[in-house]
Amino acid sequence: MVLNAKKDLIGLSREELREELSSLGEKPFRVKQLWQWIYNKGETDFAKMSSLPAATRDKLSEGYQVSRPQIVKEQTSVDRTRKWLLGFADGEKVESVYIPEEDRGAVCISTQVGCAVGCKFCHTGSQKFMRNLSAGEIVSQFMVARDSYGEWPTPAGEPRYLSNIVLMGMGEPLLNFANVSKALKIIMDEEGICMSRRRITLSTAGIAPKIPQVASEIGVKLAISLHASNNEVRNQIMPINRKYPLEEVISACREFRRLAGPRQHITFEYLMLDGINDKDSHAKELISLVAGIGAKFNLIPFNEWPGCPYKSSPPERVKHFSSILQKAGFAAPVRVARGQDILAACGQLKSKFSV
Ligand code: SF4
């Protein structure tokens, strides 16, 4: 068996790239050129990197590669949502999704293979945790999406078809903090993919000690998968709440706001589960819970998946719940489900295509 010993350049920081080039006897200014070929132009073939000398290209080809995960399967929903099942070198797989709007859209990225958090309503949570994704595996999901829509080189400004990134796919990003942080710094680099921090949202189930670091070390927007207004209900549907109860999560959110600045709102994601968390009393508890945080809510009708134990609240109940929050001064839009026919909606991802 012939092993591919070439080192992948995707996911290396600029400093690490400089070290690799230096080991080949290349000058530091080549880092910027190579970085732009990889992340601004999306080029994977060293031979086509025409601003590099032929000798440099040859040396790079001998020992390195600029790869993408294998697209095991691609599906496009009737509403144009697109989902990829991506395979990595060790055979592990994750899903990524593109959710298009009129002239822009968000790429939903995974951060782990499986998830150890085990939220009861989540399809991913029913799958065993296998491993963290590397920074390169996180960045390359976005690059696959750009390949798919041909959005290379990085558009100079707006509009961009792939305009936003949400870390809401498989896995808990804050349990893979170092790789997520490194990947997002690569994605935000102005000479490459150049995604504004204001267009990236990291969503967490509430790993309280890490929440302030999202503001201090990464600087992207924060969403909390809240889904309950008190510990009793949250313990029932999100076992992580026993480790980090609501008081700790909310206190960490206040610290995030202090570090991120008063204009940085936090989005609280709230799945509407029939008979579980959708009573008027729950809405009132929520209002007291997040008072003074600068919060907005995102109400999500539950996307059912095969074998799930919950049902979505009826539409009129969701509307009523939203109106209670709105009367108290909070934005509380109801998210329109996307890609349900290909199990690409929120909470439905898994690393085996089941449609
Ligand atoms: S909702 Fe997120 S944190 Fe919870 S089990 Fe699913 S992937 Fe993991």
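Residues numbered from 1 in each chain as written. Predicted model: local features only at pLDDT ≥ 70, side-chain atom pairs only at ≥ 80, totals over all residues. Heavy atoms only, no water.

A. Broad picture of the pairing of strand β4 (residues 82-87). The buried count for β4 comes to six of six residues, which makes it a mostly enclosed element. Of the two faces of β4, both are covered, the one formed by R82, W84 and L86 as well as the one formed by K83, L85 and G87. Relative to β4, strand β3 (residues 70-76) runs antiparallel, the two being bridged by six bridges. If you follow E74 over to β4, its bridge partner there is W84. (Buried < 20%, exposed > 50% of the residue type's maximum accessible area, 1.4 Å probe, protein only. Helix = DSSP H or I, 4+ residues; strand = E, 2+ residues; numbered from the N terminus. Pairing = 2+ DSSP bridges.)

B. Representation of the environment of Q264. In this fold, Q264 is placed in the loop between α8 (246-260) and β12 (266-272). Judged by its relative accessible area of 18%, Q264 is buried. Residues Q264 and G294 lie 30 residues apart in sequence; the distance between their C-alpha atoms is 7.6 Å.

C. Up close: the pattern of salt bridges. With the rule as written, the count across this model stands at 15 salt bridges. Across the salt bridge formed by E255 and R258, the nearest N and O atoms sit 2.9 Å from each other. In this pair, E255 and R258 both sit in helix α8, three residues apart, roughly one turn of the helix. Here E269 and R335 are joined by a salt bridge, their closest N and O atoms 2.7 Å apart. Linking E269 in strand β12 with R335 in the segment after α10 (315-327), this pair joins segments that are 66 residues apart in sequence. (Salt bridge = Lys/Arg side-chain N within 4 Å of Asp/Glu carboxyl O.)

D. Summary view of the packing of aromatic side chains. Overall, the coordinates contain eight aromatic pairs when judged by the stated rule. A ring pair is formed by Y98 and Y149, whose centres lie 4.7 Å apart and whose planes are at 55°; its orientation type is tilted. Here the residue Y98 occupies a position in strand β5 (residues 93-100), and Y149 occupies one in helix α4 (residues 135-149), the gap between them amounting to 51 residues. With a relative accessible area of 0%, Y98 lands in the buried category. Between the aromatic rings of F268 and F297, the centroid separation amounts to 6.1 Å while the plane-to-plane angle is 40°, which identifies the pairing as tilted. A residue pair is termed long-range when its members are at least 10 positions apart, and F268 in strand β12 and F297 in strand β13 (residues 295-301) qualify at 29 residues. F268 sits in the buried class, given a relative accessible area of 0%. Looking at F297, the relative accessible area reads 1%, which means it is buried. Joined through ring pairs, the aromatic side chains of Y98, Y149 and Y161 make up one cluster. (Phe/Tyr/Trp six-rings, centres within 6.5 Å; stacked < 30°, edge-to-face > 60°.)

E. Just the sheet that holds strand β10 (residues 200-204), in detail. Ordered by their spatial adjacency, nine strands build an open sheet running β3-β4-β5-β6-β9-β10-β11-β12-β13, and the pairing between neighbours is mixed. Of all the strands in the sheet, the pair left with one neighbour each is β3 and β13. This sheet shows a mean twist of 20° between the axes of neighbouring strands, independent of strand direction. As judged from the four bridges shared by β10 and strand β11 (residues 221-225), these two strands associate in the parallel manner. In the strand pairing of β11, T204 is matched with I224. Relative to the sheet, α8 contacts β11 and β12, its axis offset from that of β12 by approximately 150°. (Axes fitted to C-alpha atoms, helices over the stretch in contact; angles between N-to-C directions. Contact = heavy atoms within 4.5 Å.)

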